[in-house]
Amino acid sequence: MANALQSGAAAVTDSRSSKPDTDTEFLTQVGAGAVLRGALLKLLEVRSEDPIGFLADHFGNLAQSLENGDSGSAVEGDKKKQHQQQALQSSEEQNQHARALWHLTQAHHSQRSAFNNNVAVAFSLLSRGGRKRKPGLKGRMYTELLRRVCRDGGVAEPVSAPLIKKLHCQDHEAVPFDLFRHAVLTCFVFADFVRKSRSLFETVSPSDGILCRAVLGSLRDALETTGCSDPARYLEASAKLTPGRLAQAMDRAQTLASGTPSTLMGQEEFIEEASALFISRVKLVS
């Protein structure tokens, strides 16, 4: 490609003594046809979503090669090409994730009909074929979306990691829609559950381990009464922990622990234990 451009540049010098009669002859003399054809073939190969920007970078690289007097070795060229393709693929996937997340956040999961419609749209967006990627949602894209749902929902990575591990698929695995819908719903409900757990912690005397254990026990009992694999029911169960019910549990715990040395429990520990109660009840779609 660089040789073609250099030949074109040399042809311009020669053309001063033999000015072309037509536009076609001019383009032929300067070698522009070969350069442009090569650039278009590159564009078709990578199928960039920003063709103007890609062509600008392409011609800029060619010009830089001419200035340096070296087009680079074949190995370096292949590495650069591979790096560009990886960067373009990463950018494309980030864009797909952003669009999918936007649709998923347009309706709360409690609005089940609207939420399910948005889940279907997100699944369709992520399943589209891309650069050197066949149509269909694979495990890598799916698992990354679950991480982003939890992260955007305010869940710290150490807290969400056990849930992601339970729901994840291998990078190469094809992800069916039923699994996608179940996992996405679970992550959104989990984010709400973690926020609810923070609120429960705030009802307890600062760092009082005995009372925190009492609240966690009430939360565990509430979850066990659901008897359902729908993650939304776990959130409903935690919402039924009324102040009166919590007060009774804490009074009972203080009575039983009378004379026992006080222990401490931080919010992080409380959230991790509450999250473990939720995650242990998450069922996988077969």
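Residues numbered from 1 in each chain as written. Predicted model: local features only at pLDDT ≥ 70, side-chain atom pairs only at ≥ 80, totals over all residues. Heavy atoms only, no water.

*Asks:* In this structure, what is going on with the overall build of the protein? I would like to understand it.
*Replies:* Helices and strands together make up the secondary structure of the protein, namely 13 helices and zero strands. The linear arrangement of helices and strands in the protein, starting from the amino end, is α-α-α-α-α-α-α-α-α-α-α-α-α. Within the span of the protein, comprising 286 residues, buried residues form 39% of the whole. Looking at the protein alone, contacts between residues at least 24 apart form 73% of all its contacts between residues at least 6 apart. Summed over all atoms, the accessible surface of the protein reaches about 16,400 Å², with 53% contributed by carbon and sulfur. (Helix = DSSP H or I, 4+ residues; strand = E, 2+ residues; numbered from the N terminus. Buried < 20%, exposed > 50% of the residue type's maximum accessible area, 1.4 Å probe, protein only. Contact = heavy atoms within 4.5 Å. Areas by Shrake-Rupley, 256 points an atom, 1.4 Å probe, with all protein chains shown as cover.)

*Asks:* Explain the nonpolar core here, please?
*Replies:* One broad rule of soluble globular proteins: the nonpolar side chains tend to lie buried together. Formed by 51 residues in total, the largest nonpolar core has its most connected members in Y142, L145, F180, V184, F190 and F270. Contributing elements (two or more residues each) for this core: α5 (74–104), α6 (112–127), α7 (139–152), α8 (157–167), α9 (177–202), α10 (209–224) and α13 (267–279). Of the residues forming this core, the biggest block, 14 residues, is contributed by α9. Residues within four places of F270 in sequence aside, it is in contact with S197, L200, F201, C212, V215, L216 and M265. (Core = buried A, V, L, I, M, F, W, Y, C linked by side-chain atoms within 4.5 Å.)

*Asks:* Would you mind showing me how to read the side chain of N118 here?
*Replies:* Residue placement: N118 occurs in helix α6. For N118, a relative accessible area of 15% gives the class buried. Setting aside anything within four residues of it in sequence, one finds N118 in contact with H103, L104, Q106 and A107.

*Asks:* What exactly am I supposed to notice about α10 here?
*Replies:* In this model α10 runs 22 Å from its N-terminal to its C-terminal C-alpha over 16 residues, within 8% of the 22 Å that 1.5 Å per residue would give. With 12 of its 16 residues buried, α10 lies for the most part within the structure. Residues of α10 that are buried: G209, I210, L211, C212, A214, V215, L216, G217, S218, L219, A222 and L223. (Expected span 1.5 Å × (residues − 1).)

*Asks:* It is not clear to me how the confidence of the model for the protein should be interpreted in this structure. Could you clarify?
*Replies:* Close inspection of predicted coordinates is inappropriate in any region flagged by low pLDDT. Mean pLDDT over the protein works out to 75, with 65% of the residues at or above the 70 mark. In the model of the protein, helix α1 (residues 2–14) stands out as the element of lowest mean pLDDT, 46, in contrast to α8, which has the highest, 94. Counting contacts from residues 8–17, a segment whose pLDDT is below 50, to residues more than four positions away or on other chains yields eight contacts. (pLDDT = per-residue confidence, 0-100.)

*Asks:* Would you mind going over α6 with me for this structure?
*Replies:* In an α-helix, one full turn covers 3.6 residues, which means residues spaced three or four apart are oriented alike. Between its first and last C-alpha atoms α6 spans 22 Å; for 16 residues at 1.5 Å apiece the expected length is 22 Å, and the two agree. Within the sequence span of α6, burial applies to F115, N118, V119, A122, F123, L125, L126 and S127.

*Asks:* Help me understand the packing of aromatic side chains, please; the structure alone is not making it clear to me.
*Replies:* The description of an aromatic ring pair uses the distance of the two centres, along with the angle that the planes make with each other. For the structure on display, the rule yields six aromatic pairs. Aromatic side chains F115 and F188 sit 5.6 Å apart centroid to centroid with 85° between the ring planes, which places their arrangement in the edge-to-face category. Of this pair, F115 sits in helix α6 while F188 sits in helix α9, and the two are 73 residues apart along the sequence. Measuring from centroid to centroid gives 5.4 Å for F201 and F270, while their planes differ by 55°, and the two rings are tilted. Within this pair, whereas F201 is found in helix α9, its partner F270 is found in helix α13, the two being separated by 69 residues in sequence. Like F201, the residue F270 is buried in the burial classification. Among the aromatic residues, ring-to-ring pairing joins F123, F177 and F180 into one connected group. (Phe/Tyr/Trp six-rings, centres within 6.5 Å; stacked < 30°, edge-to-face > 60°.)

*Asks:* Whenever I open this one, the packing of α10 against α13 confuses me. Can you help?
*Replies:* Between two packed helices, both the angle of their axes relative to each other and the distance between the axes serve to describe the pair. For the pair α10 and α13, interaxial distance at closest approach is 10 Å and the crossing angle is 15°. Judged on the interaxial angle alone, α13 and α10 are roughly parallel. Here α10 and α13 pass one another in a crossing that is right-handed. When α10 is examined against α13, the residues C212, R213, V215, L216, L219, R220 and L223 are found in contact with a partner set consisting of E269, F270, E273, A274, L277 and F278. (Axes fitted to C-alpha atoms, helices over the stretch in contact; angles between N-to-C directions. Parallel < 35°, antiparallel > 145°, perpendicular 65-115°, else oblique. Left-handed = near helix turned anticlockwise from the far one by under 90°.)

*Asks:* How should the pattern of salt bridges be read in this particular structure?
*Replies:* For side chains of opposite charge, pairing can occur when their charged atoms come near one another. Tallied over the full model, the rule gives four salt bridges. Note that E269 and R213 form a salt bridge whose closest N and O atoms lie 3.5 Å from each other. On the criterion of sequence distance, the pair formed by E269 in helix α13 and R213 in helix α10 is long-range, its members being 56 residues apart. The class of R213 is partly exposed, set by a relative accessible area of 43%. Among the ionic pairs, R213 bridges to E273, the shortest N-O distance being 2.6 Å. Placement of the pair is R213 in helix α10 and E273 in helix α13, with a sequence separation of 60 residues. (Salt bridge = Lys/Arg side-chain N within 4 Å of Asp/Glu carboxyl O.)

*Asks:* Which parts of the structure should I look at to understand the packing of α7 against α9?
*Replies:* Interhelical geometry of α7 versus α9 gives an angle of 20° and a closest axis separation of 9 Å. For the element pair α7 / α9, the angle class is roughly parallel. Relative to α9, the crossing made by α7 is right-handed. Here Y142, L145, L146, V149 and C150 of α7 come into contact with α9, specifically with L179, F180, A183, V184, C187, F188 and F190.

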